[in-house]
There are 2 protein chains.
Amino acid sequence: MSIQTKMTDSSTTTPINSADSAKQTDNCAAQIMGLLKQDILNGYFKPGEKLRMNRLKERYNVGISPLREALSQLLIEQLVIVENQRGFTVHPISKTEMIDIYQTRAHIEQLCIELAIERGNDDWEAGIIAAAHSMRKFHPKLEQEPQEWERRHQAFHTAIASGCESPTLLHVRRSLYEKASRYRNLWLQDNMQQRTVFDDNQKEHDALIDALIEKDTVNAKAIIKAHLLGPSRLLWQSTSFD
Amino acid sequence: MSIQTKMTDSSTTTPINSADSAKQTDNCAAQIMGLLKQDILNGYFKPGEKLRMNRLKERYNVGISPLREALSQLLIEQLVIVENQRGFTVHPISKTEMIDIYQTRAHIEQLCIELAIERGNDDWEAGIIAAAHSMRKFHPKLEQEPQEWERRHQAFHTAIASGCESPTLLHVRRSLYEKASRYRNLWLQDNMQQRTVFDDNQKEHDALIDALIEKDTVNAKAIIKAHLLGPSRLLWQSTSFD
DNA sequence: TAAGACAATAATGTCGACATTTTTATATTT
DNA sequence: AAATATAAAAATGTCGACATTATTGTCTTA
């Protein structure tokens, strides 16, 4: 019935593995880690919620050992916290932390862009154009499949940042993106209908591409900062939490 | 005989817990995580070395479960890697990765300083002066207790960076410092006798403090970059690995 | 009625055991 | 003798079980 013992039986694994990118080469704990991360980032497990082992066992159909491993990995990314003999808890959210994460993210993104303009070659520019095209084509279907649009949006910005050609810096960037996405998901549920916000987004994207091609570092950094921090300001002002 | 079942028996726990900062409030896995990290950073476990469970069990006197948990935590920090059904391995080192880590670290440190100069108050300046004094007083005993000097050196730079008042950014900074310390420890074993390097260090520290007090961001950023990347250049040129 | 002590319940953290897989050693064949 | 196939050995990854600890509910008492 569990994942790892019946690896040949596809009927039991598919309902779990079909959810997202779970490489078959990874062991059970790594797969659970991905699923658990998704559930936390998407808000299935609420901030501050206690993660009881029995419930997790039932949800993912695995034993305690891989669960503890998966939770341990999320521990370092500060998505869960642990207290001795009191189990695991979803990391609580706070307005101060959110502001800190978003501002740090803006600084890191600026750094990526600065280095990318220095080091980026033609392939880098081509990758940006391609990602922008992919995102622009999907713009009409924004309301229908928002998460696919978000995927392409992320791919666009990743194509830009990857020009820095620093795996270490990109690792930091990814970690911050994931932390921020918790707050973003909470926000998107309320503000998805605001189409105008996304139209402004599109204009900023075009301006950003122009600045990148022209290697205008100062302008590009200003645009990306506004692009990241602009929408989050709405969230800061809301007094829904903290 | 194990740690957690005989928590009242101090005779068996002290030889393990006395090694370093292992809070009694943490569970067994967290303590093992700290010890394991130390052993990897200090080079007890060599890069690329296979971490056999039986050996780890004997070394730390615990079962498999807490070991897997501890290793899972180090997995995210990229200190160990794991392959399905082939166990854990110490993350290998490479010259390209080292260069990337050090350069990223320099950028992050510059960012911390830039923000610290903006946001830092009198307490921040006082903390720097105090840490510098503590380090300077220990300078004569550098050869006798190099690791205590290193601790004070780190405390000095942390006092500076903490002025940015961004837990998220400081978390990133700490993570990069730990990754870099693997390479630094390998280097220190060979170059500890070079006293002149540390004397240059001292001059740079004084210049850095001056720039910080005068809120000379440009100068401070240049100094910290040279301070971080200067010594590492020696390591880059050595062809001892990769 | 409210506060505190005590018992019952539930949950956590670790170990040992078992099935599966990888690695090593041996034997066989050309 | 070298290469492949086979068998033995070791190591990994997961689960169930047990001791310890926290939490909840109940009962007593002021």
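Residues numbered from 1 in each chain as written. Chains lettered and ligands numbered in written order. Predicted model: local features only at pLDDT ≥ 70, side-chain atom pairs only at ≥ 80, totals over all residues. Heavy atoms only, no water.

Peer 1: Account for the pairing of strand E2 (residues 80-83) of chain B, naming residues and giving values.
Peer 2: Note on strand geometry: in a regular strand, side chains alternate between the two faces of the sheet. Residues and elements named next belong to chain B. Note that E2 and strand E3 (residues 87-90) share 4 bridges and pair antiparallel. Within E3, the residue paired with Val80 across the bridge is Val90. Hairpin remark: E2 followed by E3, antiparallel, with 3 residues in the connecting loop; positive phi at Gln85, about 65 degrees. (Pairing = 2+ DSSP bridges. Helix = DSSP H or I, 4+ residues; strand = E, 2+ residues; numbered from the N terminus.)

Peer 1: Now, about the relation of the copies chain B and chain A: what can you tell me, with residues and values included?
Peer 2: Placing chain B over chain A gives an RMSD of 0.0 Å and needs a rotation angle of 180 degrees, together with 0.0 Å of translation along the axis. This pairing of chains is accounted for by a two-fold axis. The residues that chain B uses at the interface reappear at the interface of chain A in 100% of cases, marking a shared surface. (Least-squares fit on C-alpha atoms with pLDDT ≥ 70 in both. Contact = heavy atoms within 4.5 Å.)

Peer 1: Outline the packing of aromatic side chains, listing residues and values.
Peer 2: Two numbers describe a pair of aromatic rings. These are the distance of the centres and the angle of the planes. All names here are of chain A. All chains considered together, the criterion is met by 2 aromatic pairs over all chains. Ring geometry for Tyr44 versus Phe45: centroids 5.0 Å apart, planes at 80 degrees, classification edge-to-face. Exposure remark for Phe45: the relative accessible area of 2% places this residue in the buried category. The cationic tip of Arg59 hangs over the ring face of Tyr44; the distance from NZ or CZ to the ring centre is 3.8 Å. (Phe/Tyr/Trp six-rings, centres within 6.5 Å; stacked < 30°, edge-to-face > 60°. Buried < 20%, exposed > 50% of the residue type's maximum accessible area, 1.4 Å probe, protein only. Lys NZ or Arg CZ within 6 Å of the ring centre and 35° of its normal.)

Peer 1: An account of the sheet that holds strand E3 (residues 87-90) of chain A is requested, with residue identities and associated values reported.
Peer 2: Residues and elements named next belong to chain A. As summarised here, the arrangement of the 3 strands in space is E1-E3-E2, forming an open sheet in which the pairing is antiparallel. Unpaired on one side and paired on the other, strand E1 (50-51) and strand E2 (80-83) mark the two borders of the sheet. The pairing of E1 with E3 spans 2 bridges and is antiparallel. For Leu51, the partnering residue across the bridge sits in E3 and is Phe88.

Peer 1: If you had to explain the state of the cysteines to someone new, which residues and values would you point to?
Peer 2: Each disulfide is one covalent bond, formed between the sulfur atoms of two cysteines. Counted under the stated rule, the structure contains 0 disulfides over all chains. Counting only cysteine sulfurs, Cys164(A) is the nearest neighbor of Cys112(A), a cysteine outside any disulfide, at a range of 4.5 Å. (Disulfide = S-S within 2.5 Å.)

Peer 1: Residues and numbers for the nonpolar core, please.
Peer 2: Formed by 46 residues in total, the largest nonpolar core has its most connected members in Leu56(A), Tyr60(A), Leu56(B) and Tyr60(B). Those residues within four positions of Leu56(B) in sequence are excluded, and the remaining contacts are Leu36(B), Phe45(B), Leu51(B), Asn61(B), Leu67(B) and Leu71(B). (Core = buried A, V, L, I, M, F, W, Y, C linked by side-chain atoms within 4.5 Å.)

Peer 1: So, the environment of Asn61(B): which residues are in play, and what are the values?
Peer 2: Mapped onto the elements of the fold, Asn61(B) is located in the loop between helix H3 (53-60) and helix H4 (64-76). The spatial distance from the C-alpha of Asn61(B) to the C-alpha of Ile32(B) is 9.8 Å, given a sequence separation of 29 residues.

In short, geometric facts, not functional conclusions.
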